[in-house]
Protein chains: 2
Amino acid sequence: MTRQELFEQIQRKRSYLCIGLDTDIKKIPPHLLQLEDPIFEFNRQIIEATSDLCVAYKPNIAFYEAHGPKGWVSLERTLSVIPKDIFTIADAKRGDIGNTSELYARAFFDQLSFDSLTVAPYMGIDSVTPFLQFPNKWVILLALTSNPGHDDFQLLSVVSEGKSYFMFEKVIQNSQAWGSADNMMYVIGATRHDYIERVRELAPDHFLLVPGVGAQGGNLEEVSRYGLNKQGGLLVNSARQIIYTSQGEDFAEKARAAALAVQQEMERYLNEYLPR
Amino acid sequence: MTRQELFEQIQRKRSYLCIGLDTDIKKIPPHLLQLEDPIFEFNRQIIEATSDLCVAYKPNIAFYEAHGPKGWVSLERTLSVIPKDIFTIADAKRGDIGNTSELYARAFFDQLSFDSLTVAPYMGIDSVTPFLQFPNKWVILLALTSNPGHDDFQLLSVVSEGKSYFMFEKVIQNSQAWGSADNMMYVIGATRHDYIERVRELAPDHFLLVPGVGAQGGNLEEVSRYGLNKQGGLLVNSARQIIYTSQGEDFAEKARAAALAVQQEMERYLNEYLPR
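Everything quoted here is computed from the prediction, not taken from an experiment. (Residues numbered from 1 in each chain as written. Chains lettered and ligands numbered in written order. Predicted model: local features only at pLDDT ≥ 70, side-chain atom pairs only at ≥ 80, totals over all residues. Heavy atoms only, no water.)

## Observations concerning the overall build of chain A
- Helix and strand content of chain A: 12 helices and 10 strands.
- Overall size of chain A, expressed as C-alpha extent along the three principal axes, is 60 × 45 × 35 Å.
- Expressed as a percentage of its 276 residues, the buried residues of chain A come to 64%.
- Within chain A, residue pairs in contact and separated by at least 24 positions form 73% of the contacts whose partners lie at least 6 positions apart.
- For chain A, the computed accessible surface area is about 9900 Å², with 47% contributed by carbon and sulfur atoms.
- Measuring between centres, the 27 positive side-chain charges of chain A sit 2 Å from its 35 negative side-chain charges. (Helix = DSSP H or I, 4+ residues; strand = E, 2+ residues; numbered from the N terminus. Buried < 20%, exposed > 50% of the residue type's maximum accessible area, 1.4 Å probe, protein only. Contact = heavy atoms within 4.5 Å. Areas by Shrake-Rupley, 256 points an atom, 1.4 Å probe, with all protein chains shown as cover. Lys, Arg positive; Asp, Glu negative; His and termini not counted. Charge placed at Lys NZ, Arg CZ, Asp CG, Glu CD.)

Right, here's the structure in full:
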């Protein structure tokens, strides 16, 4: 998917919501457990109920991998029922030496047909560039994550050419030589708006994938005010607060209601904060 | 497996060789391709031919994941034929927020019964500690990798309490508060001996997993001189130079000869450099 297509979808749906498919067999409604592939069935109904309200789905790969071969089948089946115009994110946080990253790229882009993959930056350029060779596919590089441990390394003070930066700023700066705003996004945890402002100085055009609005405590209005750019430039993820709203047979209906509330809030922010 | 058991194996076999099972369907002998599970059959024969010469096997998970559900079956079958006293490393370079890392831990430690997993440090403490809750299982944290891109972030100059460090040194320093030499190792690329000396100052007791001796250009004698500690403390990985020595029906025999040559070299270094 191109950046333009993603923006058109945002405008059409008045939404930049990404729904996280962190589908946990222990948390899905019990009536699904008697089915042959409960995880797929849960995802299928969630997707059917919400696909007009969100622009992206993000399966968290660990939740599938935890089930071994069976989990990969559930993942493949899930992808097959996501409408083709919706952006798909493999939240896998991969990153390895060149020839290995290439294999991951083929697995997620070719075999599973994901549009994008989250990638850890620590190993540097040759762990990332293999993912950038696929036309209209995207790397979403971890820059500033929303988990408590983000200050261990991402906020370390790095000195470069006499100036001082946060580590995550160097990740954004250095990686811009590897790809462009047309094939690279950044994961930016929504914990502080001054960080989002700083990211927008360094990367005005890039899309940002923002986790942590909702369960992890970010503030959607703040993220939108400081994060939206002329082409949208934001994908805001919500998982648990949408997909686990009900444990009953109405779970998909309730998920739709939760997604609708977020979409309506986003519509307001698009009207208010999208630069013209 | 405990540190003591690993050391006893090193002493018994006079070897600290880890064989990387980077098993690529395009590189294995063509006569195996007619079999139902060529990757498993290749691994099975390599393991049978080399298990008395090495102390660890390290499947590179990307090579299995690239085949989807079938690849996970090959991986499970491979693990089932590795003798129980040999240390197993899932080279997966995972690392995610707490609840997700926990799922990866269960997948690799419980379901697949690996002894250890390589983990990327960028997300900090809560991405690593879930892996440390499993008795006698190990985290092998990426510190200094051997790929060209290692200087992009790992060698950045970080200022902390008025002193200057390489990023990889901060990874080693900070992570020592999370685990101990009994459940954590470090990946240290063998590109420069002064880095290994520096690592030994920071982490005298920890095992180091050293990739890049052989195909990636490290020097085994130098690594051994500066890296061996009183409990061995080294696992040196070799993959391509052992497993792809021959494309014929004698591939396992030739792999054994290559592994034997490395083991004999290691025996000399154990005699010479193991501190008494």
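## As for the sheet that holds strand S8 (residues 184-188) of chain B
All names here are of chain B.
- Within the closed barrel, the eight strands sit side by side as S1-S2-S3-S4-S5-S8-S9-S10. Their pairing is parallel. Adjacent strand axes in the sheet meet at a mean angle of 30°, parallel and antiparallel pairs treated alike.
- Inspection of the sheet shows S8 paired to strand S9 (residues 208-210) by two bridges, in the parallel sense. Looking across to S9, one finds that Tyr186 is bridged to Leu208.
- Along the sheet face, helix H8 (residues 167-175) touches strand S5 (138-144) and S8 and points at about 150° away from the line of S5. (Pairing = 2+ DSSP bridges. Axes fitted to C-alpha atoms, helices over the stretch in contact; angles between N-to-C directions.)

## Here's the deal with the sheet that holds strand S8 (residues 184-188) of chain A
- Here eight strands make up a closed barrel; going around it, the order is S1-S2-S3-S4-S5-S8-S9-S10 (chain A) and the pairing parallel. Between one strand axis and the next, the sheet turns by 30° as a mean value, whatever way the strands run.

## So, the packing of helix H9 (residues 193-202) of chain A against helix H10 (residues 220-227) of chain A
Residue and element names in this part refer to chain A.
- Where H9 contacts H10, the two axes come as close as 9 Å, and the packing angle between them is 20°. Relative to H10, the element H9 is oriented roughly parallel. Note that H9 runs across H10; the crossing there is right-handed. Where H9 approaches H10, its residues His193, Ile196, Glu197 and Arg200 are matched on the opposing element by Glu222, Val223, Tyr226 and Gly227.
- Looking at the contact of H9 with H10 residue by residue, the classes come out as three nonpolar, two polar and three charged. (Parallel < 35°, antiparallel > 145°, perpendicular 65-115°, else oblique. Left-handed = near helix turned anticlockwise from the far one by under 90°. Nonpolar A, V, L, I, M, F, W, Y, C, P; charged D, E, K, R; others polar.)

## Regarding the relation of the copies chain A and chain B
- When chain A is brought onto chain B, the operation consists of a screw motion whose angular component is 180° and whose axial shift is 0.0 Å, with 0.0 Å RMSD remaining. Accordingly, the operation relating the two chain copies is best matched by a two-fold axis.
- Of all interface residues in chain A, 100% are interface residues in chain B too; the two copies therefore contact each other through one and the same surface. (Least-squares fit on C-alpha atoms with pLDDT ≥ 70 in both.)

## Some words on the packing of aromatic side chains
All names here are of chain A.
- Applying the stated criterion across every chain, the model contains 25 aromatic pairs over all chains.
- Summarising the aromatic geometry, the rings of Phe166 and Tyr195 are spaced 5.8 Å apart at their centres and angled 90° between planes, so their arrangement reads as edge-to-face. Placement of Phe166 in strand S7 (residues 163-166) and of Tyr195 in helix H9 is noted, with a sequence separation of 29 residues between them.
- On the basis of relative accessibility, which here comes to 30%, the residue Phe166 falls in the partly exposed class.
- Under the relative-accessibility criterion, Tyr195 is labelled buried at 7%. (Phe/Tyr/Trp six-rings, centres within 6.5 Å; stacked < 30°, edge-to-face > 60°.)

## Description of the interface of chain A and chain B
- Listed per partner, the contact involves 55 residues of chain A and 55 residues of chain B.
- Per-residue buried area on chain A facing chain B is highest for A:Glu65, A:Tyr122 and A:Phe153; these three make up 18% of the total on that side.
- Between the two partners, chain A and chain B, sit four salt bridges.
- A salt bridge links A:Glu65 to B:Arg94, with the shortest nitrogen-to-oxygen separation between them at 3.1 Å.
- Remark: the boundary between chain A and chain B carries 24 residue pairs in polar contact (both at pLDDT 80 or more).
- The greatest single-element share of the side of chain A that touches chain B, amounting to eight residues, is contributed by helix H5 (residues 98-111) of chain A.
- Grouping the amino acids of the side of chain A that touches chain B by side-chain chemistry returns 28 nonpolar, 16 polar and 11 charged.
- When strand S6 (residues 157-160) of chain A meets strand S6 (residues 157-160) of chain B, the two strands line up antiparallel, connected through three bridges. Looking across to S6(B), one finds that A:Ser157 is bridged to B:Val159. (Buried area = accessible area lost by both parts, 1.4 Å probe. Salt bridge = Lys/Arg side-chain N within 4 Å of Asp/Glu carboxyl O. Polar contact = N/O pair within 3.5 Å; in protein donor to acceptor, adjacent residues only side chain to side chain.)

## Points about the confidence of the model for chain A
- Counting all residues, the mean pLDDT for chain A is 95, and 98% of those residues have values of 70 or more.
- Confidence estimates for the predicted assembly give a pTM of 0.96 and an ipTM of 0.94. (pLDDT = per-residue confidence, 0-100.)

## Observations regarding helix H1 (residues 3-13) of chain A
All names here are of chain A.
- Residues of H1 that are buried: Arg3, Leu6, Phe7, Gln9, Ile10 and Lys13. Across the axial projection of H1, the buried residues extend over an arc of 155°, all falling on one side.
- Buried residues along H1 sit in contact with strand S3 (87-94), strand S5 (138-144), S8, strand S10 (234-238) and helix H12 (251-273).
- The first or second residue beyond H1 is Arg14, which carries a positive phi of 50°. (Arc of directions from axis to C-beta.)

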